[in-house]
Amino acid sequence: MSHASTPRPVVALVDAYSTASHLAPLFHARGYDCLHVQSMASPPAAFTASFRPEDFVGTVRHDGDVEATLHAVRAYAPTALLAGAEIGVELADVLSEALGLRTNGTRLSSARRDKFRMQQTVRAAGLPVADQLLATDLDALLDWYGPGPRRVVLKPVRSALNDGVTFCDDVDEVRAAFARLMGMQSAVGQRNDAVLAQEYLVGAEYYVNTVSLDGKHYVCDLWKTQHLGVNGVRDLLGGSQLMLREGPEQEQLVAYAGAVLDALGVRNGPAHTELKLTPQGPRLIETGARVCGAMLPLLTRAALDESQLEWTVAAYVDPADFLARWEQGYDVKRHAVCVNMIAPSGGKLAGYPRLAELQALESYHDVLLKVAPGEEISRTVNDMTYPMLVHLVHEVEGTVTHDYMTARYLDGEGFYDVV
């Protein structure tokens, strides 16, 4: 029980949604109260569903007036302020800088959000990145594409959730995709005034999850992802596998990811970096200056006993502990895989007739149900339409692989009872 005479120090979290909803209880355990800062008047429902108001001493709602928000936050005298979800990253930069707290600052803030500027900033720092063009007219695009044929990716500049992402293999497909994208409204309701064209990167995709303190980057966990061509999507995420910390691939990925964080000015707090390991070496897909999404750190914690969540808390409230350990690698005590189940069709979900078979697997740990029986299910085509994520954890890697393959086989028509 805390007494009025000795109030607990406060940590402010901007948009504590999704995985970041798990940060406040960890701060509480270290003797801190938490203040919630809401960056938007009405955040997307996909985020707010995970919000736990009881974890916070109060909420400051930002209505666009930075001075008013600063005034309200200052009343709580926070000792730290950080972003939770992606939508809160820029406001967290503004507030933490203005309050004189540990911060990534505002100078490179837009490069941490705008995907085109992100790549250009990393290239300017001397790192290899995907060849890309911001195209506003067809002639410039065709000039960049060249005689072909080669595979490229065209997407709206401000796309979200794989909206409008198009793979093109020849000049005719490039022409058609440009015409379609220039005229359409993006998922966030803006008309596209330019199209982002990028070379298609060949190689497996990886995640590097980090926490930084004053420019020192600790690697919390590394994941190798598996994609498949299904439901008309060329590269749909099918699952992710926790990697050992040491190894030749790991060293390449970690060195490159650290250089990306430096280039983007990520000096403090968590970051989730997505890379491809091409035959020419690592290439950036994107970095988010916040904890990894999709509750993946919960699976990391089950495998390693600690995750990006615990390391984030340590960086802000126990920097001495962080600095004593940041150069060590992590030990994989248990192997882990996250399986993304893929619904073949949409409709009203009556149930999951084979879920019990999945839950009987030896390495079965948990399931994150995104669509419950009785709700509408969609054909899985992007990050928003996975019906469930299955967490597998076991001391024996072969057992996890066996169950991952079994889950992939169980998935499909017979797994879903759709009316």
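Residues numbered from 1 in each chain as written. Predicted model: local features only at pLDDT ≥ 70, side-chain atom pairs only at ≥ 80, totals over all residues. Heavy atoms only, no water.

Labelled according to an unreviewed UniProt entry, the protein chain appears under the name ATP-grasp domain-containing protein, originating from Streptomyces lunalinharesii.

Trainee: Describe the overall build of the protein chain, naming the residues involved and giving the relevant values.
Mentor: A count of helical and extended segments in the protein chain gives 13 helices and 19 strands. For 419 residues, the compact-globule formula gives about 22 Å, and the C-alpha radius of gyration of the protein chain, at 22 Å, lands near that figure. Seen along its three principal axes, the alpha-carbon backbone of the protein chain occupies a region of about 70 × 55 × 45 Å. When the 419 residues of the protein chain are sorted by exposure, 51% land in the buried category. Pairs at least 24 residues apart make up 65% of the contacts formed inside the protein chain by residues separated by at least 6 positions. (Helix = DSSP H or I, 4+ residues; strand = E, 2+ residues; numbered from the N terminus. Rg over C-alpha atoms; globule rule 2.2 N^0.38 Å. Buried < 20%, exposed > 50% of the residue type's maximum accessible area, 1.4 Å probe, protein only. Contact = heavy atoms within 4.5 Å.)

Trainee: Just give me the short version of the pairing of strand β10 (residues 216-230), but keep the residues and values in it.
Mentor: Where a strand is regular, its side chains alternate between the two sheet faces. Alignment of strand β9 (residues 204-213) against β10, held across eight bridges, turns out to be antiparallel. Directly across from V208, in β10, lies its bridge partner L222. Joining the antiparallel neighbours β9 and β10 is a turn of two residues, in which D214 adopts a positive phi near 50°. (Pairing = 2+ DSSP bridges.)

Trainee: Please give an account of the sheet that holds strand β15 (residues 347-351) that cites residues and values.
Mentor: Within the open sheet, the three strands sit side by side as β17-β15-β19. Their pairing is antiparallel. What marks the edges here is a single partner per strand, and that holds for β17 (376-377) and β19 (417-418).

Trainee: Describe the packing of aromatic side chains, and please don't skip the residues or the numbers.
Mentor: Here the structure, examined in full by the defined rule, presents nine aromatic pairs. Centroid distance F415 to Y416: 5.2 Å. Interplanar angle 75°. Geometry classified as edge-to-face. In this structure, F415 and Y416 share a single accessibility class: buried. Through a chain of ring-to-ring contacts, the aromatic side chains of Y17, F47, F51 and F56 assemble into a single cluster. Geometry around F167 places R234 over its ring, the cationic atom sitting 5.4 Å from the centre. (Phe/Tyr/Trp six-rings, centres within 6.5 Å; stacked < 30°, edge-to-face > 60°. Lys NZ or Arg CZ within 6 Å of the ring centre and 35° of its normal.)

Trainee: Quick one: what's the story with the nonpolar core, residue by residue and with numbers?
Mentor: Counting 82 residues, the largest nonpolar core has L13, F27 and V122 as its most contacted members. The element best represented in this core is helix α8 (residues 248-263), accounting for seven residues. Not counting chain neighbours up to four residues away, the residues in contact with L13 comprise L23, A24, F27, C34, L35, H36, V37, F56 and L82. Among the nonpolar cores identified, the runner-up in size contains 21 residues, and L358, V367, Y404 and A407 belong to it. (Core = buried A, V, L, I, M, F, W, Y, C linked by side-chain atoms within 4.5 Å.)

Trainee: Could you give me a rundown of helix α13 (residues 397-410), with the residues and numbers involved?
Mentor: Here α13 is 14 residues long and its end C-alpha atoms lie 20 Å apart, about the 20 Å a rise of 1.5 Å per residue gives. Those residues of α13 lying buried are T399, V400, D403, Y404, A407 and L410. The buried residues of α13 occupy an angular sector of 135° when the element is viewed end-on, so they sit on one face. Among the exposed residues of α13, those oriented more than 90 degrees off its buried face are H402, M405 and Y409. Turning to α13, the residues buried within the fold contact β10, β11 (233-242), β14 (335-340), α12 (355-359) and β18 (388-394). At the C-terminal side of α13, G412 shows a positive phi close to 125°. (Expected span 1.5 Å × (residues − 1). Arc of directions from axis to C-beta.)

Trainee: Which residues make up the pattern of salt bridges, and what values do they have?
Mentor: Two side chains with opposite charge may pair up if their charged atoms get near one another. Evaluated as defined, the whole model comprises 18 salt bridges. Residues D93 and R112 are paired through a salt bridge, measuring 3.0 Å at the closest nitrogen-oxygen approach. Taken together, the positions of D93 in helix α4 (residues 89-98) and R112 in the loop between α4 and α5 (115-124) put the pair 19 residues apart, joining distant regions of the chain. Taking the relative accessible area as the measure of exposure, R112 reaches 2% and is therefore buried. Among the charged side chains, a network of salt bridges with common partners joins E86, E90, R113 and R290. (Salt bridge = Lys/Arg side-chain N within 4 Å of Asp/Glu carboxyl O.)

Trainee: How would you summarise empty space enclosed by the protein if you had to cite specific residues and measurements?
Mentor: With the rule as written, the count across this model stands at one cavity of 30 Å³ or more. Quantified by volume, the largest cavity comes out at close to 140 Å³. Residue lining of the largest cavity: 16 residues in total, with L82, A83, N104, N268 and Y316 positioned closest to the centre. Those elements that provide at least two residues to the lining of the largest cavity are β4 (80-83), α4 and β12 (269-278). Residue contributions to the lining of the largest cavity peak at four residues, all from α4. A breakdown of the residues in the lining of the largest cavity according to their chemical character gives eight nonpolar, five polar and three charged. (1 Å grid on protein atoms, 1.4 Å probe; cavity = no way out; pocket = protein on both sides within 12 Å on 5 of 7 lines; lining within 4 Å. Points joined across faces, edges and corners; volume = space filled by probe spheres on them. Nonpolar A, V, L, I, M, F, W, Y, C, P; charged D, E, K, R; others polar.)

Trainee: Just give me the short version of the sheet that holds strand β2 (residues 33-38), but keep the residues and values in it.
Mentor: An order of β3-β2-β1-β4 is seen for the four strands of this open sheet, with the pairing classed as parallel. The open sheet has two edge strands with one neighbour each: β3 (58-61) and β4. Strand-to-strand twist in this sheet, taken as the mean axis angle between neighbours without regard to direction, amounts to 25°. As judged from the five bridges shared by strand β1 (residues 10-14) and β2, these two strands associate in the parallel manner. When the sheet's bridge partners are listed, V10 is paired in β2 with D33. Set on the sheet, α4 makes contact with β1, β2 and β4; between it and β4 the angle comes to about 160°. (Axes fitted to C-alpha atoms, helices over the stretch in contact; angles between N-to-C directions.)

Trainee: So, the state of the cysteines: which residues are in play, and what are the values?
Mentor: Taken as a whole and assessed by the stated rule, the structure comprises zero disulfides. C220 takes part in no disulfide bond, and the closest cysteine sulfur to it belongs to C292, at a distance of 10 Å. With no disulfide partner, C292 has as its closest neighbouring cysteine sulfur the one in C338, 9.3 Å distant. Looking at C292, the relative accessible area reads 3%, which means it is buried. (Disulfide = S-S within 2.5 Å.)

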